Amino acid sequence: MAHALIPLKDLVAAKSRLSGLLRPAERRALAQAMAEDVLACLRAHPDIEGVTLVSDDPCARLLADSYGVELVAERGLPVRGLNPLIDCVSDSLMTDKLQTLLVLHADLPLLQAADIDRVLSSRARHDCLVIACDRHGTGTNLLAFGPHSRPTFHFGADSCRRHRQAAEHAGYDCKVLQLPGLALDIDEPADLALLLGQQGGLQGSATRTFFCDNGLAARLQLALASITDALEMTLTGAEQE
């Protein structure tokens, strides 16, 4: 069986790179909706025996209670920073009985059971560290590992390469996957544009409800089109000079 660990940032400060498109309250609502969808997917998966949420956000307790997951408060831990926090909580979760620990982000609105199936299948076949990279192939959106393939955590810039190199240095196998529901994390306007173009994959989700409320999807599509047009004009002008 497997357990999932999700670090959740302060939702008030979430998604600052979308500030040109979404108001602060909208960015918070989007971050919460995506977290709800990730939690719902994990709690419904038959091979995930438990989920731990790590957060100090005031909304975290409500999310944990709503989805029946464990909440660990960041302020109660003796470390600070994303990677030390993950390492500290992993220590408490890794036991002889736990076959796989998944560490994943909360902003993966397209996550499906099939993505988790692929990750767990790779773990079962190879007993290795599984890295699910982002759509660029540079970031890490999920790590899956067991007691004998536990990585040194390098979430941040160029994390996929750093996780892979750390695994090679430690002497254990590593498998990199790029999966539809794990490749698209939402940080920048381009990510939001891709998500809006795949709303069919959001049926029945909290994220879809967020976009459908008050015509937000239509407003964002217009704003994103304006950004794209402006960028194309800038590039065309640069080419003509």
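Conventions adopted
Residues numbered from 1 in each chain as written. Predicted model: local features only at pLDDT ≥ 70, side-chain atom pairs only at ≥ 80, totals over all residues. Heavy atoms only, no water. Helix = DSSP H or I, 4+ residues; strand = E, 2+ residues; numbered from the N terminus. Rg over C-alpha atoms; globule rule 2.2 N^0.38 Å. Buried < 20%, exposed > 50% of the residue type's maximum accessible area, 1.4 Å probe, protein only. Contact = heavy atoms within 4.5 Å. Areas by Shrake-Rupley, 256 points an atom, 1.4 Å probe, with all protein chains shown as cover. Salt bridge = Lys/Arg side-chain N within 4 Å of Asp/Glu carboxyl O. Core = buried A, V, L, I, M, F, W, Y, C linked by side-chain atoms within 4.5 Å.

1. Digging into the overall build of the chain
When helices and strands are tallied, the chain shows nine helices and seven strands. Its C-alpha atoms give the chain a radius of gyration of 19 Å, within 12% of the compact-globule value 18 Å for 241 residues. Dimensions of the chain, computed from the C-alpha atoms along their principal axes, are close to 60 × 45 × 35 Å. Counting across all 241 residues of the chain, residues that qualify as buried make up 47%. In the chain, 66% of the contacts between residues at least 6 apart in sequence involve partners at least 24 apart. Total accessible area on the chain stands at roughly 11700 Å², and carbon and sulfur atoms take up 52% of it.

2. Comments concerning the pattern of salt bridges
Counted according to the given criterion, the structure contains 14 salt bridges. Residues Asp 57 and Arg 28 are paired through a salt bridge, measuring 3.2 Å at the closest nitrogen-oxygen approach. Of this pair, Asp 57 sits in the loop between β2 (48–54) and α2 (60–67) while Arg 28 sits in helix α1 (residues 24–44); the two residues are 29 residues apart in sequence, bridging distant segments of the chain. Judged by relative accessible area, which is 22%, Arg 28 ranks as partly exposed. Where Arg 150 meets Asp 91, a salt bridge forms, and the shortest distance between an N and an O atom there is 2.7 Å. Taken together, the residues Arg 150 in the loop between β6 (140–145) and α5 (159–170) and Asp 91 in helix α3 (residues 82–93) connect sequence positions 59 residues apart. Arg 150 gets classed as partly exposed once you look at its relative accessible area, which sits at 23%. On the accessibility criterion, Asp 91 (48% relative accessible area) is partly exposed. Here the salt bridges do not stand alone but share partners, grouping Lys 15, Arg 17, Asp 107, Asp 187 and Glu 188 into one network.

3. What to know about the nonpolar core
Ile 6, Leu 42, Ile 48, Leu 102, Leu 104 and Val 119 are the most contacted members of the largest nonpolar core, which totals 36 residues. Residue assignment for this core shows that the elements contributing at least two residues are β1 (2–7), α1, β2, α2, β4 (100–104), α4 (113–126), β5 (129–133) and β6. Here this core takes six residues from α1, the largest share from any one element. Setting aside its immediate chain neighbours within four residues, Leu 104 contacts Ala 4, Leu 5, Ile 6, Pro 7, Val 38, Leu 42, Leu 111, Asn 141 and Leu 142. Within the second largest apolar cluster, 22 residues are counted, among which are Val 89, Leu 101, Val 103 and Ile 131.

By themselves, these figures tell us nothing about what the structure is for.
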